[in-house]
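These are the residues of each chain, in order.
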Amino acid sequence: MTLGVIENHDGTRSAAYGGLKTCGSVWCCPVCAAKIATRRADELATVMRAVDELGGSAFLLTLTMRHDRGDRLGLTSEERSRRNRLEERLADVQVAEANGWDVDEHQSEADAIELDSIKAREGCWDVLT
């Protein structure tokens, strides 16, 4: 875990943590599930209000695709862990850059490329995140 102090535009300073871990699983973690559910509900309410204010109406629909037990549904737990670690490292890089600290630009670029590759495989089947 790292702690950084950032100088804001108005001259004030803010502290920020880096390297903190969250699992991001709505299925396995009650803490993350609550946070994610709240955020999703807020986003949905915002959209529904905007549609209503414009005089429209919106409906929710759930469709289920036929699948078998052996079908790969998304990222493995190892891939999700790697994605989380890469996201944490890239957040640390942002804190370091904001403070003017030295950053290994080649490593952070390689991490960003790997993260994009993992995210491209998530797709709509990644029901475990």
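A word on the overall build of the protein. Summing up its helical and strand segments, the protein has three helices and two strands in all. When the elements of the protein are put in sequence order from the N terminus, they spell out β-β-α-α-α. Projected onto its principal axes, the C-alpha coordinates of the protein cover approximately 50 × 45 × 25 Å. Within the protein, buried positions represent 20% of all 129 residues. Across the protein, contacts joining residues at least 24 apart in sequence account for 52% of those joining residues at least 6 apart. Taken as a whole, the protein presents about 10000 Å² of accessible surface, with 56% of it coming from carbon and sulfur. Distance between charge centroids for the protein: 8 Å, based on 16 positive and 23 negative side chains.

Turn by turn, an α-helix covers 3.6 residues, leaving residues three or four places apart pointing in a common direction. Helix length check: helix H3 (residues 105-122), at 18 residues, gives a terminal C-alpha distance of 26 Å against a target of 26 Å (1.5 Å per residue), a fit within 8%. All buried positions along H3 are accounted for by Ser108, Asp111, Leu115, Ile118 and Glu122. Here the buried residues of H3 occupy an arc of 85° about the axis, which is enough to place them on one side. The exposed set on the far side of H3, more than 90 degrees from its buried face, consists of Glu105, His106, Ile113, Asp116 and Ala120. Buried positions along H3 lie against helix H2 (77-98).

With that settled, consider the nonpolar core. Within the largest apolar cluster, five residues are counted, these being Leu75, Leu86, Leu90, Leu115 and Ile118. Elements represented by at least two residues in this core include exactly H2 and H3. Dropping the residues within four chain positions of it, Leu90 is found in contact with Ser108, Asp111, Ala112 and Leu115.

Okay, the pattern of salt bridges next. Evaluated as defined, the whole model comprises three salt bridges. Asp111 is paired through a salt bridge with Arg89; the nearest N and O atoms lie 2.7 Å apart. Highlighted residues: Asp111 in helix H3 and Arg89 in helix H2, separated in sequence by 22 residues.

Between the first and last C-alpha of helix H1 (residues 30-53) there are 34 Å, a value that for 24 residues agrees with the 34 Å anticipated at 1.5 Å per step. Taken as a whole, H1 has its buried residues at Cys32, Ala33 and Ile36. Positive phi shows up at Gly55, right after H1, with a value of about 85°.

Reading the values: rules and limits
- Residues numbered from 1 in each chain as written.
- Predicted model: local features only at pLDDT ≥ 70, side-chain atom pairs only at ≥ 80, totals over all residues.
- Heavy atoms only, no water.
- Helix = DSSP H or I, 4+ residues; strand = E, 2+ residues; numbered from the N terminus.
- Buried < 20%, exposed > 50% of the residue type's maximum accessible area, 1.4 Å probe, protein only.
- Contact = heavy atoms within 4.5 Å.
- Areas by Shrake-Rupley, 256 points an atom, 1.4 Å probe, with all protein chains shown as cover.
- Lys, Arg positive; Asp, Glu negative; His and termini not counted.
- Charge placed at Lys NZ, Arg CZ, Asp CG, Glu CD.
- Expected span 1.5 Å × (residues − 1).
- Arc of directions from axis to C-beta.
- Core = buried A, V, L, I, M, F, W, Y, C linked by side-chain atoms within 4.5 Å.
- Salt bridge = Lys/Arg side-chain N within 4 Å of Asp/Glu carboxyl O.

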